[in-house]
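The primary structure of each chain is shown beneath.
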Amino acid sequence: QVQLVESGGGLVQAGGSLRVSCAASGRTFSTYTMGWFRQAPGKEREFVAAISWSGGSTFYADSVKGRFTISRDNAKNTVYLQMNSLKPEDTAVYYCATDGRRYASRRLEIADVGSWGQGTQVTVSS
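Criteria and cut-off values
- Residues numbered from 1 in each chain as written.
- Predicted model: local features only at pLDDT ≥ 70, side-chain atom pairs only at ≥ 80, totals over all residues.
- Heavy atoms only, no water.
- Phe/Tyr/Trp six-rings, centres within 6.5 Å; stacked < 30°, edge-to-face > 60°.
- Helix = DSSP H or I, 4+ residues; strand = E, 2+ residues; numbered from the N terminus.
- Buried < 20%, exposed > 50% of the residue type's maximum accessible area, 1.4 Å probe, protein only.
- 1 Å grid on protein atoms, 1.4 Å probe; cavity = no way out; pocket = protein on both sides within 12 Å on 5 of 7 lines; lining within 4 Å.
- Points joined across faces, edges and corners; volume = space filled by probe spheres on them.
- Nonpolar A, V, L, I, M, F, W, Y, C, P; charged D, E, K, R; others polar.
- Salt bridge = Lys/Arg side-chain N within 4 Å of Asp/Glu carboxyl O.
- Disulfide = S-S within 2.5 Å.

Draft legend 1. Quick peek at the packing of aromatic side chains. Within the structure shown, the criterion is met by four aromatic pairs. Pairing Phe37 with Phe47 gives two aromatic rings, centres 5.8 Å apart and planes at 80°, and the pair type is edge-to-face. Taken together, the residues Phe37 in strand S4 (residues 32-39) and Phe47 in strand S5 (residues 46-51) connect sequence positions 10 residues apart. Judged by relative accessible area, which is 1%, Phe37 ranks as buried. Members of the aromatic cluster, joined through ring pairs, are Phe37, Phe47, Tyr95 and Trp116.

Draft legend 2. Looking closely at the layout of surface pockets. Its boundaries defined by the atoms lining it, the largest pocket holds a volume of some 150 Å³. Here the lining of the largest pocket is composed, by residue class, of four nonpolar, two polar and five charged.

Draft legend 3. Structural context of the pattern of salt bridges. A full pass over the atoms with the stated rule returns seven salt bridges. The partner of Asp90 in a salt bridge is Arg67, with the nearest N and O atoms 2.8 Å apart. With Asp90 in the loop between strand S8 (78-83) and strand S9 (92-102) and Arg67 in the loop between strand S6 (58-60) and strand S7 (68-73), this pair connects stretches of sequence that are 23 residues apart. With a relative accessible area of 1%, Asp90 lands in the buried category. Of the charged contacts, one joins Arg107 and Glu109 as a salt bridge, the two residues approaching to 3.2 Å between their closest N and O atoms. On the basis of relative accessible area, Glu109 is assigned to the partly exposed category, the value being 42%. Linked by salt bridges that have partners in common, Arg38, Glu46, Arg67 and Asp90 make up one network.

Draft legend 4. Molecular detail of the state of the cysteines. Inspection of the entire model under this criterion finds one disulfide. Put simply, Cys22 and Cys96 are joined by a disulfide, and their sulfur atoms are 2.1 Å apart. When the S-S torsion is -80°, as for the bridge of Cys22 with Cys96, the disulfide is left-handed. Of this pair, Cys22 sits in strand S3 (residues 18-24) while Cys96 sits in strand S9, placing them 74 residues apart in sequence. A residue is classified by how much of its surface remains accessible, and Cys22, at 0% relative accessible area, is buried. Its relative accessible area of 0% is what places Cys96 among the buried residues.

By themselves, these observations are geometric and do not establish any function.
Written as structure tokens, this is what we have:
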């Protein structure tokens, strides 16, 4: 099973940028669609973005489209989420996730996730 460790969260002012990273263990990283989810206090965990195993396809939630960019470096077993034009409503714990199925290319739902990271806090101040 793939193990995931997020980093790069923090506090940023509205309108600012932040990049979070997720490092994965295991030699099968490049065969999984990777995604980011987030969970704000008192709210359900929600999909943010996903990138296919090859990197050829990306998927975004409407709320972040045009502001966030997901990318991956299979040589480094790492997936990134570049967040620009941040808003206070982006404040949440951000979780990295793998697809539970190899060689799929799809927008991830929670039920699709095979492994979760521990999460990293992103706080956007107004």
